[in-house]
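Breakdown of the fold
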Amino acid sequence: MFIGAGIVKINIPYSHSLKDKRKVIKSIINSLQNKYNLSVSEVGSLDNKTIGEIGFSMVSYDKKYINSLFDKILDFINSNYDIVVLDENYEIMKYWGELCLIEI
């Protein structure tokens, strides 16, 4: 079994308040959860009104599926929201049993 986890850091240039930012972040989170069945949350830059960090994770028996899902997530965010992706980072780990993760 493979576990994938990632963070996408975004800039929301038209956001003028934390309320504006959180509205966009919540929309992205809800869309990703519904479309791709992920665990998703805002994980950083909580007090910055234009920068957001969204973390997500998934589990699959197929490493290729997780890789393709990361690409789909980035494409979805870029094409459906008026934001700029500043940074993206993800890892895929192999789960061997009893709390043993190996980064691959």
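Before going into details, it helps to say that this report is about the structure given with it. Everything numeric in this text was worked out from a predicted model, so none of it was measured.

Rules used in this analysis
Residues numbered from 1 in each chain as written. Predicted model: local features only at pLDDT ≥ 70, side-chain atom pairs only at ≥ 80, totals over all residues. Heavy atoms only, no water. Buried < 20%, exposed > 50% of the residue type's maximum accessible area, 1.4 Å probe, protein only. Helix = DSSP H or I, 4+ residues; strand = E, 2+ residues; numbered from the N terminus. Axes fitted to C-alpha atoms, helices over the stretch in contact; angles between N-to-C directions. Parallel < 35°, antiparallel > 145°, perpendicular 65-115°, else oblique. Left-handed = near helix turned anticlockwise from the far one by under 90°. Contact = heavy atoms within 4.5 Å. Nonpolar A, V, L, I, M, F, W, Y, C, P; charged D, E, K, R; others polar. Phe/Tyr/Trp six-rings, centres within 6.5 Å; stacked < 30°, edge-to-face > 60°. Lys NZ or Arg CZ within 6 Å of the ring centre and 35° of its normal. Patch = residues over 30% accessible without salt bridge, like charges linked within 9 Å, V, L, I, M, F, W, Y side chains within 5 Å. Areas by Shrake-Rupley, 256 points an atom, 1.4 Å probe, with all protein chains shown as cover. Salt bridge = Lys/Arg side-chain N within 4 Å of Asp/Glu carboxyl O. Lys, Arg positive; Asp, Glu negative; His and termini not counted. Charge placed at Lys NZ, Arg CZ, Asp CG, Glu CD.

1. Thoughts on unusual backbone geometry
Positive phi is not limited to glycine here, since N37 has a value of about 55°. Judged by relative accessible area, N37 falls into the exposed class, the value being 69%. Non-glycine residue S45 carries a positive phi angle of around 55°. Along the chain, S45 turns up in the loop between β2 (39-44) and β3 (51-60).

2. What to know about the packing of helix α1 (residues 18-36) against helix α2 (residues 63-80)
As a packed pair, α1 and α2 sit with axes 11 Å apart at the nearest point and diverge in direction by 140°. Regarding the angle of α1 to α2, the classification is oblique. For the pair α1 and α2, the crossing hand works out as right-handed. On α2, the residues that touch I28, S31, L32, K35 and Y36 of α1 are L69, K72, I73, F76 and I77. Its residues assigned to classes, the contact of α1 with α2 shows 7 nonpolar, 1 polar and 2 charged.

3. What to know about the packing of aromatic side chains
How two aromatic rings sit relative to each other is set out by the distance from centre to centre and by the angle between their planes. For the structure shown, the criterion picks out 4 aromatic pairs. When the centroid spacing of 6.0 Å and the interplanar angle of 85° are considered together, the rings of Y36 and F76 count as edge-to-face. Here F76 lies in helix α2 and Y36 lies in helix α1, a separation of 40 residues in the sequence. In this structure F76 comes out as buried when scored by relative accessible area, which is 14%. What links up through ring pairs into an aromatic cluster is the set Y36, F76 and Y81. Positioned above the aromatic ring of F2, the side-chain terminus of K94 is 4.7 Å from the ring centre.

4. Considerations on a negative patch on the surface
Together, D71, D75, D87 and E88 give the surface a local cluster of negative charge. Residue assignment for the negative patch shows that the elements contributing at least two residues are α2 and β4 (84-97). For E88, the position within the fold is in strand β4.

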